[in-house]
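# Remarks on the overall topology
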Amino acid sequence: EKFLEMFRSEARSLAAFHHSNVLTVHDFGRDGDRYFLVMELLEGRSLKEIMTESGSMPPERAFALLVEICAAVDAAHRAGIVHLDLKGENVIINESVSPPEVKVLDFGLAKLAGGASPSAEDGTVMGTVGYMAPEQIMGRRVDERTDVYALGVLAFAMLTGELPFEGDAKSQILRAQLDGRVRKWPKTPLTAILPRRTRNEIDAAMNPDPNRRPQAVEELAAAFQEG
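Conventions and cut-offs
- Residues numbered from 1 in each chain as written.
- Predicted model: local features only at pLDDT ≥ 70, side-chain atom pairs only at ≥ 80, totals over all residues.
- Heavy atoms only, no water.
- Pairing = 2+ DSSP bridges.
- Helix = DSSP H or I, 4+ residues; strand = E, 2+ residues; numbered from the N terminus.
- Contact = heavy atoms within 4.5 Å.
- Axes fitted to C-alpha atoms, helices over the stretch in contact; angles between N-to-C directions.
- Core = buried A, V, L, I, M, F, W, Y, C linked by side-chain atoms within 4.5 Å.
- Buried < 20%, exposed > 50% of the residue type's maximum accessible area, 1.4 Å probe, protein only.
- Salt bridge = Lys/Arg side-chain N within 4 Å of Asp/Glu carboxyl O.

## Describing the sheet that holds strand β3 (residues 45–46)
- If you walk across this open sheet you meet the three strands as β3-β5-β6, and the pairing is antiparallel. Each edge of the open sheet is held by one strand with a lone partner, namely β3 and β6 (101–104).
- Pairing of β3 with strand β5 (residues 91–94) involves two bridges; the strand directions are antiparallel. What sits directly across from R45, in β5, is I93.
- With respect to the sheet, helix α3 (residues 59–78) is in contact with β5 and β6, its orientation differing from that of β6 by roughly 40°.

## Here we look at the environment of L154
- Along the polypeptide, L154 turns up in helix α5 (residues 144–160).
- The sequence separation of L154 and L86 amounts to 68 residues, and the corresponding C-alpha distance is 8.0 Å.
- Setting aside residues up to four positions removed in sequence, L154 forms contacts with L47, M51, L66, I69, K87, G88 and Y131.

## Comments concerning the nonpolar core
- Residues L47, I69, M158 and F224 are the most contacted members of the largest nonpolar core, which totals 51 residues.
- Discounting residues that sit within four places of it in the chain, L47 has contacts with M57, L65, I69, G88, V91, I93, L154 and M158.

## Concerning the pattern of salt bridges
- Considering all chains together, one arrives at 16 salt bridges under this definition.
- For the salt bridge of E95 with R45, the shortest nitrogen-to-oxygen distance reads 3.6 Å. One end of the pair, E95, is in the loop between β5 and β6; the other, R45, is in strand β3, and 50 residues separate them in sequence.
- In this structure E95 comes out as partly exposed when scored by relative accessible area, which is 37%.

## Looking at unusual backbone geometry
- P99 follows S98 through a cis peptide bond whose omega is -5°.
- Residue placement: P99 occurs in the loop between β5 and β6.
- Positive phi, normally seen in glycine, also occurs at L84, with a value near 75°.
- By secondary structure assignment, the location of L84 is in the loop between β4 (81–82) and β5.

Here's what the structure looks like:
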């Protein structure tokens, strides 16, 4: 029942709004004991696959993709929906067209802004270690700034080839997130050309205190456009 409710939640969330950077769901329903989604057919690879293959991305390429991802998330926020699981696996990039087509998917954890963080039946908070904001980890109120946090993590990973939190175990990574211990930007030719303002904005997005992050995705998008 918990899985089915998440399934219905994703379908309802995606049916609530349409955007060129969001996977389109045409229909959902039940056929006997089977539940189904009818979605548009996507071509391309996940952002995670691309990141694994390329490591750190040239800033121009990373920022172009991030602006499109921000557009999708901003559209969701304007519809009153927070994603809560933004990461490389949930972004599909079709680089066979120019400019590359970017689609954000998997709104399975999405919920109306301002609610408590979703949790499993055993009380475990649901999300992805390394990308969940501290308030999500603690099972507290989540809102648009929770997605801003994940976008900051994603931007850091795309530009450096590594997650911003160090740890050999999930518990160590979670502790680093709760403490706000973000690793320093590595000194590479690619990061050297990043504008300081852009780096500062990404760092601010990963602040454990939601009030000290950019308060809207469009603020991050503006920094990416400038970068």
